[in-house]
Amino acid sequence: MKKIFLTMICMCMVLLNYAQSKEVTGIVTDQATGETIPGVNVVVKGTTNGTVTDFNGKYSIEVSQSNATLLFSFVGYAPQEINYTGQSTIDVVLAVDALKVNEVVVTALGIKREKKSLGYSVSEVKGDDVARSGDGNVLNALSGKAAGVVVNTTAGSSMGSSNIVLRGYNTLRGGEALIVVDGIPYSNRSTLDGGYDYGSGISDLNMDDVESVSILKGANAAALYGSLAMNGVVIITTKSGKKNHSSVSVSSTYTMSEVGFMPELQNTYGEGYYKNIGHLDAGDDGILETRYGSTKSWGPKMEGQDVRISWLRDKPVLPYSKQEDNVKDFFRKGHTFKNSVNITNGNDKRSWSLSLMSENMKDIIRTSEMDKYNMGLRVKRDVNSWFDIDGKINFTYKSAYNRPENTDKRGGFMGLMVAPRSFRNDLMSPAIYTPNGKSYSGETFQDGAPIQWDDEIGSWGAGNPYWDLYVNYNKDRQTRVNGFTKLNFKLAKGLSAFTRLGVDYSNLEARKFEEINSGAYREKGGLSSKSNNHLDINADFLFTYDKDMGDFHLTANAGGNHSYSRSHYLWATGNEAVLPGADYMGNYKSRDGGDDTQEREKNSLYGSFQLAYRNYLFLDVTGRNDWTSTLSDDNNSFFYPSASIGFVVTDAFDIKSSVLDYAKVRLSASEVGNDFDIYAIKQYITMSADIVGRPIVNMPKKLSNLNLKPEMNRSLEFGLDLRFLKNRIGLDLAVYQNNIKDQILNTPLTISSGYNETPINAGEIENKGVELSLNVKPIRTKDLLWDMTFNYSKNEMKVVSLNDGLEEIEMRKPRNARIIAKVGEKYGQIVGRTFARNEDGLIMLNDKNFPIVPEDLSVVGNIQPDFTASIQNTLRYKNLTLGFLITSSFGNDVVTYKRLEMNYNGTSKESVAGREGWMAAKDAGEASAYGYSSSYGGLDYLVGRSIREDGSLNTASNPTYINPARFWKSQRSSRNAEYAVEDGSYVKMKEISLNYRLPKSFLAKLPFESLSVGFVARNPWIIHKKTDFFDPEAFQSNTQFGSYGVENAAWPNRRTYSFNVSFKF
Amino acid sequence: MNKYIKYLAASFLIVAIGCTDKFEEYNTPINAVDDIPLELRFNTLTQNFNHAYTTAFIVAQEYSQLKCYEASTVKDYEFAGYNDGYWNRYDKLSLIFDLLERTEGEEGYMKGYQALVNINYVYTMLSITDMYGDVPYTEAGNGEEWRPAYDTQESIYTDGIRILDEACATLENVTIESLGENDRIYGGDASKWLKFANTLRLRIALRIKNVNPTLSSELAQKAFSKPLIENEDESATLPNFDIEGARSGVWNYYETAGSLLPSERVVEFMKSNNDPRLSILITKNVDDEYLGYPNGSNITRPTTEYSDFAATGYAPDMGDQILMYAEASFLKAEAYLFGIGVTANETSANEEYRAGVRANMEMLGVENADIDTFLAGSLGNLSGDQENKIKMIAEQKWLAFFHGGNEAYNEVRRLGYPVIEKRDGATHELGETNGEMPRRLKYPIQERDYNSTHYQTAVAATDNNSFLHKVWWDKN
């Protein structure tokens, strides 16, 4: 960061240098890091004689006086005076200024401002911290590094999407933060297709290009960016070339990945039918047999006995033995190689920077892989004294093969989770059956179809994931080109302007092939192919006027923005293959296709006005008007203002305390308006044709609403920034409240109204929260530094009111539960059916000793966490740096599918409970084989917690045994939400990193300017969790708002170990 | 300052030219059509007489034990998603209201078109209420009321009969212009629509015979006074091709729903009666036997051990059977048997019964000689007391609905034949009805969630949304 300043300083500083004196040279280094500091002012005190240090921290100055004082100063460091008594070399060590807090941060529209002048909260993350995280995605690297920041990733892999949410979701349709790269909004759209997550735009950004990240959390901070920034902004500044400097840096990283979390499986009971728990029937020859439809794990104990798999073609007799690793063996170790090169060059007129990056990833899921290439060029040129040009172009190409399917559907992880515990992997994978020479070949049913072992999962059926791995495939290619040109004008003293044009074009081509016999719903095979083009154009201009007026300093900005986006989507599907293995459209008996185009536009004018008084009182006022294409003429223009005050108490009252270095209070209020999706204000009839060309008139299913108004986010924020004990303790506190009025969303309707949904201004949503960031430096010596940051945030989203007489709005409906927004309650209540309980809280059993699950719905949880917290530690000893990051979340609930399905299938550890008791009762003839009607059976789940119909307590000494398979099945099918919801709290060691920078003395003999080696472990340890079924930090099948709070049988999260070598010369 | 004007002006132009006045255009999807010709709207309307060949089809055929969905939990009536099938037919109302508006106040053939719309309206609404009982009607489907109130089944029937009567009167007086290819059911033969509507009147008349005998007989009388469907050519079938290929929904359904099998009951019924339709409708299993799958059974054996649907019984272009000549004959047989709307006449009843059986067999392609043999056998003529006669009519009608949709289930409930016995818990899934055949579908979850006040009232009126609550006309 500090190196940026040099560019600024070089440009704005005129330094005079008198000759005919003695030369003094030296190096200026940072006390804490030992690194050299470029751009340090070196002045002979009391004169205008001065210079600055170069990029290697070196300076040389002519001193004419024999007795003088040299003053070394640099932003953010305590100035140092050295008496000159004729030395030829003076090396100086500067310490970070404990008393002055002059950090410069990038704010809206790319304007750099001193942090102390801001009336709102900004968090900064340095490029190095981002790059060192060992994750290939900038957003993922931000997780836990600032208060109030939640990074959503998928359980999929680095192939999947990620997004960032600041201070909780603001609206009932989500609200991820806007990402701005070098001043231009950077699309992070994610593309989903069924369970396939094609990633999101941010992964196109080359991590090694990132110089710094500013996080503007509140709407206040972002008022100038308009609607897109209603949920905060992440401003990413990339590296650019510097004047009069050239360098080459190279970074190579190898990452090994492995399964980070596995649900708890039982290894006691094998394949068997749920209606015949613990038993297998013998065939005619006396050998025990598993039967058709028995592919659940309700069989007897696995003791290596001979069992015939009678539903397989060859009816093999195999030892019935536990297969503890049959899931584990499905996976492999993943390997990723990433290399990047950055070359910069600059003279006093121009500079350029070229970045090249390649990443080749092989995932832990066999056959899943992705290659990524990125190339970027940034050029800056001064044309003359009043005009310069800044331009950038970036190209990214990604190709992926076999992205994992993140749903409970066939081919997903659920297929493995419900595979019988006695299932050998070679039943699923080795060469017996070769459909027309394809590489897959597992076992087959008697009729020759490949085995799919459960067709009762969800509405589709989980099956053999090896089939999807080796026979079916999906592949996609994505290209993205983006860049901008920016023309800067210096018009007059204090008056400048720029105009900028940003273009961002991306294309996704995806193809999905399903072979004949791909389960019950794709028996005849299918192929889909789609192409998705997206174009964003942003054109903007800004005038800036800057003036000093005695104690006052005024800055005014006025500008405008035109943004346009267009998506075009083209798709084709083929159904029913003629030939197996022929994956082209012509091979399909019927083909279907279509296209769609969506366009939208928004134009804006805005202005801002900042007034500083004596550099301790700062007032900011902004205003913006948007015109959007998505609302009706009467409602499509809307204005919103903001105002903020920053007051540095310590400067204002000239407080000089040895304890309190710095105190600032901030206060801000703002409004941000927002529009809605396209096609909300009008409804249309469309035409299509059936396969034989007959017309079909499609009546709209979505009821339009011409009266939609823009939604308005009103927010208030109060903040406090305190530094103590020479900056050893820093505390940043923010308290905020956001109210979204006239929240727009699609509300579902019952079809008896004639429509499925309608967009409405639904009411008011409130977010209240507290963020605390505490930085402590317990040790700060020349060689040893310990820096610790503790982040805490608490956000509560509440539904204040809903319009149109609505009491509640359903946000989504995962199985067994509904997630709703109800008036007066916290957003995200999970409601559903629950066990009936008596007044003592005991589960009530019916006459068959099964728990009663009445139809009424009650609240069983909430998807919002009570609070999240993280601790980031950096320990630096000389050139060795150790960092670790602990992240946590408490009090959020998750609707889990895995628990439902694994218990129902008898594969989970939890499903073991009660089997022995039930089997004993059954063997004693005291239980009927099938029915609910036995008074025996068993389940630990209910023992001690339930009461029988006759009023007696179900205790361990007098247990009621019920059929455990029946129990899980009935809870699943009765849609008992209580049983489907688990506590998603966790504490996790997210990141451990170790970095060694070779000492300068060592490098002196080598051609390197710097060289470092690093190691990072990500997701090494889940310290605390409540669930056995999923990784509570990464369970979502995608990052879209709709999957928030729902664990949909996603693949396990990855644990990674990265090794990095970086050098610069 | 002049020197930078040209740069500045040029670059501002970039921003300025971007702004458009195309907001209206951006709000119009490229695949929206402004003026869809009326006849194309009618094309879709006639298509909307279709059956729902998805979960709804399973329900009706599973409960009436013509078919059996082996792999699914539907057999123990636990799978709530199946309750949506018929409810989703409400989505047909938006086109109906659109066309009613477009034909409103018109005279001449347009008035006749409006009658077609009204016939579809009544047909659609009754197919919904038959499944659930009281359902939204007066406030349903127009988008104005997001949470429509429920109407009683009786009032829906009463109003439907009024509308249907008016439609019939219109069609008697107005000659509508042929819709040609856009009439998917009658291919432009407009005269058949009156017969269709009139036969629908007879179906409705008999449906309510136990709950409103006066209206029933009045309606039947009207129906008998006008032409009814009198031959196979007048049967209403809909070649309802789906996107999967040039195949009808019903064909596609048999082909793709892997676990759907002929029910043990229907196989045994045909076997025991030496019915020539057996070999046409059903295949033999691996053991070369006709073996139907017992509904709701606990057994799990490979489906290859059971009979499947025989390709001879259905062709890819076989249409949905909306209202067939066979059904018209059985309706007449019942009317003659009990003297509903006509003077009771045992001979006519028997003739119509035989005509119904023959019609169904001919439609399926049974050889004439085999038909004659069958009609010469014990089931060839109505025999025994009234109860036995109606049993014979009901069972033959049930079998004739083998490829049909929900009517099989409606008539099993109304007539009580074939008798669907309570299941034996030792060998069958009992489900929440404790083994009884459900008498209705449950109101779907979407009503609970998005129309809760009215839903709660309706739930209270149906023994807590019970499967066993009988709809208004079900007095059996």
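Refer to the preceding data block for the structure.
We now turn to the structure provided with this report. (Residues numbered from 1 in each chain as written. Chains lettered and ligands numbered in written order. Predicted model: local features only at pLDDT ≥ 70, side-chain atom pairs only at ≥ 80, totals over all residues. Heavy atoms only, no water.)

With that out of the way, let us pick up the overall build of chain A. For chain A, the count of helices and strands is 12 helices and 58 strands. Residue burial in chain A is summarised as follows: out of 1065 residues, 59% are buried. In chain A, once contacts between residues fewer than 6 apart in sequence are set aside, the share between residues at least 24 apart is 69%. (Helix = DSSP H or I, 4+ residues; strand = E, 2+ residues; numbered from the N terminus. Buried < 20%, exposed > 50% of the residue type's maximum accessible area, 1.4 Å probe, protein only. Contact = heavy atoms within 4.5 Å.)

This part is about the packing of helix H14 (residues 325-338) of chain B against helix H15 (residues 346-364) of chain B. Residues and elements named next belong to chain B. With their axes 8 Å apart at the nearest point, H14 and H15 run at an angle of 165 degrees to one another. Judged on the interaxial angle alone, H15 and H14 are roughly antiparallel. Regarding H14 and H15, the two cross each other, and that crossing is left-handed. Between H14, through Tyr325, Ala326, Ser329, Phe330, Lys332, Ala333, Tyr336 and Leu337, and H15, the contact on the second element is made entirely by Ser348, Ala349, Glu352, Tyr353, Ala355, Gly356, Val357, Ala359 and Asn360. Across the contact of H14 with H15, the residue classes break down as 11 nonpolar, 4 polar and 2 charged. (Axes fitted to C-alpha atoms, helices over the stretch in contact; angles between N-to-C directions. Parallel < 35°, antiparallel > 145°, perpendicular 65-115°, else oblique. Left-handed = near helix turned anticlockwise from the far one by under 90°. Nonpolar A, V, L, I, M, F, W, Y, C, P; charged D, E, K, R; others polar.)

With 138 residues, the main nonpolar core has B:Ile119 and B:Phe196 as its most contacted residues. The leading source of residues in this core is helix H7 (residues 109-132) of chain B, at 14 residues. The contact partners of B:Ile119, leaving out residues within four places of it in the chain, are B:Phe49, B:Leu164, B:Ala167, B:Leu171, B:Trp193, B:Phe196, B:Ala197 and B:Leu200. Membership of the second largest hydrophobic core comes to 56 residues, among which are A:Leu416, A:Ala817, A:Ala1049 and A:Trp1051. (Core = buried A, V, L, I, M, F, W, Y, C linked by side-chain atoms within 4.5 Å.)

Residues and elements named next belong to chain B. Two elements in contact, H15 and helix H16 (residues 368-376), have axes separated by 10 Å at closest approach and are oriented at 150 degrees. Judged by the inter-axis angle, H15 sits roughly antiparallel to H16. Between H15 and H16 the crossing geometry is right-handed. Residues Arg354, Val357, Arg358, Met361 and Glu362 of H15 touch H16, and the partners they reach there are Asn368, Ile371, Asp372, Phe374 and Leu375. Here the residues of the contact of H15 with H16 are counted per class, giving 5 nonpolar, 1 polar and 4 charged.

All right, on to the pattern of salt bridges then. In the structure shown here, the tally under the stated rule is 81 salt bridges over all chains. Close ionic contact of A:Glu808 with A:Arg818 constitutes a salt bridge, the shortest N to O distance being 3.0 Å. Of this pair, A:Glu808 sits in strand E44 (residues 808-812) while A:Arg818 sits in strand E45 (residues 818-822), and the two are 10 residues apart along the sequence. A salt bridge links B:Asp159 to B:Arg162; the shortest N-O distance between them is 2.9 Å. With B:Asp159 and B:Arg162 both in helix H8 (residues 153-173), this residue pair falls 3 residues apart, about one helical turn. The class for B:Arg162 is partly exposed, based on a relative accessible area of 41%. Several salt bridges converge on common partners, so that one network encompasses B:Asp130, B:Arg203, B:Arg207, B:Lys209, B:Glu327, B:Glu334, B:Lys397, B:Glu407, B:Glu411 and B:Arg414. (Salt bridge = Lys/Arg side-chain N within 4 Å of Asp/Glu carboxyl O.)

This part takes up the sheet that holds strand E47 (residues 843-844) of chain A. Residues and elements named next belong to chain A. Taken together, the 3 strands give an open sheet; going across it, the order is E47-E52-E53, and neighbouring strands pair in mixed fashion. Whereas interior strands pair on both sides, the edge strands pair on one side only; in this sheet they are E47 and strand E53 (953-954). In terms of strand pairing, E47 meets strand E52 (residues 946-947) through 2 bridges, oriented parallel. Counted as the bridge partner of Met844 is Ile947 from E52. (Pairing = 2+ DSSP bridges.)

Leaving glycine out, the prevailing phi sign among residues is negative, and the prevailing peptide bond configuration is trans. All names here are of chain B. Note the cis peptide between Tyr417 and Pro418, where omega equals -10 degrees. Within the secondary structure, Pro418 is located in the loop between helix H18 (407-415) and helix H19 (445-450). Positioned with a positive phi, Gln65 is a non-glycine residue whose angle comes to about 60 degrees. In this fold, Gln65 is placed in the loop between helix H4 (55-63) and strand E1 (67-69). On the accessibility criterion, Gln65 (8% relative accessible area) is buried.

All names here are of chain A. When you line up the elements, Arg833 lands in the loop between strand E46 (829-832) and E47. A distance of 3.1 Å separates a polar atom in the side chain of Arg833 from the backbone oxygen of Pro854. Once residues within four sequence positions are removed from consideration, Arg833 is found in contact with Val853, Pro854, Glu855, Asp856, Leu857, Ser974, Arg975, Asn976, Ala977 and Glu978. (Polar contact = N/O pair within 3.5 Å; in protein donor to acceptor, adjacent residues only side chain to side chain.)

Turning to the pairing of strand E55 (residues 986-997) of chain A, a few remarks are in order. Residues and elements named next belong to chain A. Where strand E50 (residues 880-890) and E55 come together, 10 bridges link them in antiparallel fashion. Looking at E55, one finds that Leu880 is bridged to Tyr996. Sheet analysis places E55 next to strand E56 (residues 1010-1025), joined by 11 bridges and oriented antiparallel. What sits directly across from Ser993, in E56, is Val1016.

Our focus in this paragraph is the environment of B:Ser383. Residue and element names in this part refer to chain B. Along the polypeptide, Ser383 turns up in the loop between H16 and helix H17 (386-400). Residue class for Ser383 comes out partly exposed when judged on its relative accessible area of 31%. Sequence-distant contacts of Ser383, defined by excluding residues within four places in its chain, comprise Asn388, Lys389 and Met392.

Two strands in a sheet stick together by hydrogen bonds in their backbones, pointing the same way (parallel) or opposite ways (antiparallel). Residue and element names in this part refer to chain A. Pairing within the open sheet is mixed, and its 5 strands lie in the order E10-E17-E18-E13-E14. The two strands at the open ends of the sheet, each matched to only one other strand, are strand E10 (122-126) and strand E14 (184-185). Alignment of E10 against strand E17 (residues 210-216), held across 5 bridges, turns out to be antiparallel. Bridge pairing links Val125 to Val213 in E17.

A few words now on a nonpolar patch on the surface. All names here are of chain A. There is a patch of nonpolar side chains on the surface, built from Leu356, Met375, Leu377, Val379, Ile393, Phe395, Val481 and Tyr505 and spanning about 620 Å² of accessible area. Counting only elements with at least two residues in the nonpolar patch, the list comes to strand E26 (369-384) and strand E27 (387-401). Broken down by element, the nonpolar patch gets its largest block of residues, 3 residues, from E26. Along the chain, Leu356 falls in strand E25 (residues 350-362). (Patch = residues over 30% accessible without salt bridge, like charges linked within 9 Å, V, L, I, M, F, W, Y side chains within 5 Å. Areas by Shrake-Rupley, 256 points an atom, 1.4 Å probe, with all protein chains shown as cover.)

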